[in-house]
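# Fold and geometry: a report
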Amino acid sequence: ESFDPDEELLYEDLKTYLDKGNIPNYVKKVTVKKVIDGDTIKIEDDYGNVVSVRMLLIDTPEYTKKKQYLGDAATSYAKEKLQIGSTIYIETDGKETDKYERYLGYI
């Protein structure tokens, strides 16, 4: 089975390719630098660039400036699952950044 880095893959196929070290062009391998809250993190790419990422399809209560009910629980959960220093993959979809200049992606 040949790997085409430009081909969009279904989730199960993508997992298989990532396990083999084959990363499509629309996916970035990054390192978790900081969890901001339940749906926003800071990541570092291979070039040392650190940027904020807003996770797509996840909307949690805020726990930064405006503390919202259960925002602390959402942030704690994200910190448990996305540990600092861990490697994750981000898949972008459409518009690359939001109005706050955060990158948008699926993790």
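Residues numbered from 1 in each chain as written. Predicted model: local features only at pLDDT ≥ 70, side-chain atom pairs only at ≥ 80, totals over all residues. Heavy atoms only, no water.

## Some points on the side chain of aspartate 39
Looking at where aspartate 39 falls in the secondary structure, it is placed in the loop between β1 (27-37) and β2 (40-44). Side chain to side chain, aspartate 39 and threonine 40 meet in a polar contact 3.2 Å long. At 3.1 Å, the side chain of aspartate 39 and the backbone nitrogen of threonine 60 are in polar contact. Those residues within four positions of aspartate 39 in sequence are excluded, and the remaining contacts are Val53, Arg54, Met55, Ile58, Asp59, Thr60 and Glu62. (Helix = DSSP H or I, 4+ residues; strand = E, 2+ residues; numbered from the N terminus. Polar contact = N/O pair within 3.5 Å; in protein donor to acceptor, adjacent residues only side chain to side chain. Contact = heavy atoms within 4.5 Å.)

## A closer look at the sheet that holds strand β4 (residues 87-91)
For sheets, the rule is that strands pair by backbone hydrogen bonds, running either parallel or antiparallel. The strand order across the open sheet built from five strands is β4-β1-β2-β3-β5, with neighbouring strands paired in mixed fashion. Both outer strands of the open sheet, β4 and β5 (103-105), are each paired with one neighbouring strand and no more. Each neighbouring strand pair of the sheet contributes to a mean axis angle of 50 degrees, computed without reference to strand direction. (Pairing = 2+ DSSP bridges. Axes fitted to C-alpha atoms, helices over the stretch in contact; angles between N-to-C directions.)

## Details of helix α1 (residues 11-19)
Taken residue by residue, α1 has Leu14, Tyr17 and Leu18 as its buried positions. What you see down the axis of α1 is that its buried residues fit within an arc of 100 degrees, all on one side. Buried positions along α1 lie against β1 and β4. Positive backbone phi, approximately 85 degrees, marks glycine 21, located one or two places after α1. (Buried < 20%, exposed > 50% of the residue type's maximum accessible area, 1.4 Å probe, protein only. Arc of directions from axis to C-beta.)

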